Amino acid sequence: MKKIFLYLLFFYTVFAQSSSLALSGFGERMETFDAASMGMGDSRLFSENHNSISYSSTSTYWRTSLTRLFMTVQISDSDLGNNKEITENHFQMFSFLFPVGEDKAVAFGLNPMYRSSLSLVEEQLHFIGAHNSPTGDPLAFRTTYDFSGGISEFFTAYSMKISDSFSLGLRWSKLFGNSYYRYILSLSDVSFNEDESIQFTGEEISFGNYKQKYSSNSYELELRFEKNDFETVLSYYKTNSLKVRLSPEYDLTGWSDGQNYFIDSGEERFGLGFKIAFSNDFGLVSEFNYLESFDSYDFLNILEDDSPNLSSFHLGGYYKINNMKNNLNNINLRFGLFSKKYELMDINLYDKGLTLGVGFEYSDYNNSIDFCFKFGSRESEYALIDY
C-alpha cells in the first residue's frame, strides 16, 4: 500500500514593521514570508532547518519528501515618535507544496505583493482670504485621505535538483487586486463674532471615490549551486506591464467613466546569496538584493509618489541544537543584521536593524514552528521611525 504523508500545518509567526512606506506607489512592498529566513538577517534565499527549505526561495522546494501546508502571520508595532504607535497584524502567505517525483516538487499559493491601509487627516484648518476666495468671503477647509487594498499574487512554482551540485526553481505568478482611494474636502465659511472669535458656518463636503483594478504576470528564476560546505544562489524576477483600470466612482464634478492604463516598465529584481557551513550545526549566510519598482503615472500612485527602488544587504547565521528528547528533534537558533536603502523621488530612506529567530522541529521532523523578531529603525534627513 502506498503511504501518503501530509504536513497538516506549518505555522510561522513574523514580528515585522508597518510604516509610512505604504504612502508610496501602490502601497508597501511585501518581500519575505518565511520566519525562518527572516531570522537570519531578513534573508530571502536561505532558511536553515532540517531540510533547509525556504518558502521564499523556489530552488529549495525539491528538498521536501512530504506534502506541506504553509501559513504565515505578521504582527507589527511601530513607534512613530510623539507618543504615536501603529500596531497591526496580517495574514501573509498561504502555500501548498508537494513532491512530484524524485528530487522534484510543485507548489502553489497566495501572498500579498503591495498593501496599504491607512487614513490621513489634516490636523489644522487651512484658510483662504477673502481676496483669493471665489465667493469673496474668507473660507476654511480640511482634507482627509483614505487608502486601502493593493496587489496580490497567486503563484505556481516548480523546483528540481538538476545534479549533485545544481538545483533550479521556476515561479509564475498572476498579479491581481484592487485599491480604493477616497478624498474628502470639508469647506466652511469663516466669520467673526463680536468678541472677535472665529465662527464656521455653511459646511460643505465634497468627495471622490477611486477604485483601481490591477492585472499582470510575473516570472522568477533561481539557480542554486552547492559544493561541500559552500552554497550560492542567483535569483532573477521580472513582471510584465501592469494593467490598471481606474474607475472614479464619484469625483468632485460628477460621475466619470473608467479608463485603462498600462505601466510598461514593470518590476525587476536581482538577488545573490552565499552560505558557508562551518559544521553540521553552525553556519553563516550573506545576501544582496536589488528591486527596481514600477515606474508609474503620478495620478495612479498614492500621493503621486512612485514605489521606491530598494537595495539591501543581509548577513545572518544559525546554530542547531539537535538530538533533543521528548519528541523534540531540533531547536534552531537564528540571528542576523540587515541594511536597506529605499530610493524615493526626493529623499532616500535608510532601514537598518537586527533579527532574532528560533524554530522548533518535532515528531521526527514532520512538524515545525518558527518565530522571528525584527528590530530596527528607518530614517532620513527628515524623520526617524523605530519598530
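Let us look at the structure shown here. (Residues numbered from 1 in each chain as written. Predicted model: local features only at pLDDT ≥ 70, side-chain atom pairs only at ≥ 80, totals over all residues. Heavy atoms only, no water.)

For the rest of this paragraph, the subject is the packing of aromatic side chains. Enumeration according to the criterion identifies nine aromatic pairs in this entry. A centroid spacing of 5.6 Å and a plane angle of 55 degrees characterise the contact between F96 and F108, whose relative ring orientation is tilted. Placement of F96 in strand β4 (residues 84-101) and of F108 in strand β5 (residues 104-112) is noted, with a sequence separation of 12 residues between them. Judged by centre distance (6.3 Å) and plane angle (45 degrees), the ring pair of Y114 and F294 falls under tilted. (Phe/Tyr/Trp six-rings, centres within 6.5 Å; stacked < 30°, edge-to-face > 60°. Helix = DSSP H or I, 4+ residues; strand = E, 2+ residues; numbered from the N terminus.)

Pairing analysis gives two bridges linking strand β2 (residues 28-29) to strand β6 (residues 114-121), with the strands arranged antiparallel. Across the sheet, R29 pairs through a bridge with Y114, a residue of β6. Across six bridges, the pairing between β6 and strand β8 (residues 139-149) is antiparallel. What sits directly across from S116, in β8, is G149. (Pairing = 2+ DSSP bridges.)

Moving on to empty space enclosed by the protein. Tallied over the entire structure, the rule returns four cavities of 30 Å³ or more. Taken as a whole, the largest cavity encloses approximately 170 Å³ of empty space. E31, F33, E153, R171 and R269 are, among the 14 residues lining the largest cavity, the residues nearest its centre. Across the lining of the largest cavity, the residue classes break down as five nonpolar, two polar and seven charged. Here the second largest cavity defines a volume of roughly 100 Å³. E31, N289, L310, S312 and H314 are, among the 13 residues lining the second largest cavity, the residues nearest its centre. Here the residues of the lining of the second largest cavity sort into three nonpolar, four polar and six charged. (1 Å grid on protein atoms, 1.4 Å probe; cavity = no way out; pocket = protein on both sides within 12 Å on 5 of 7 lines; lining within 4 Å. Points joined across faces, edges and corners; volume = space filled by probe spheres on them. Nonpolar A, V, L, I, M, F, W, Y, C, P; charged D, E, K, R; others polar.)

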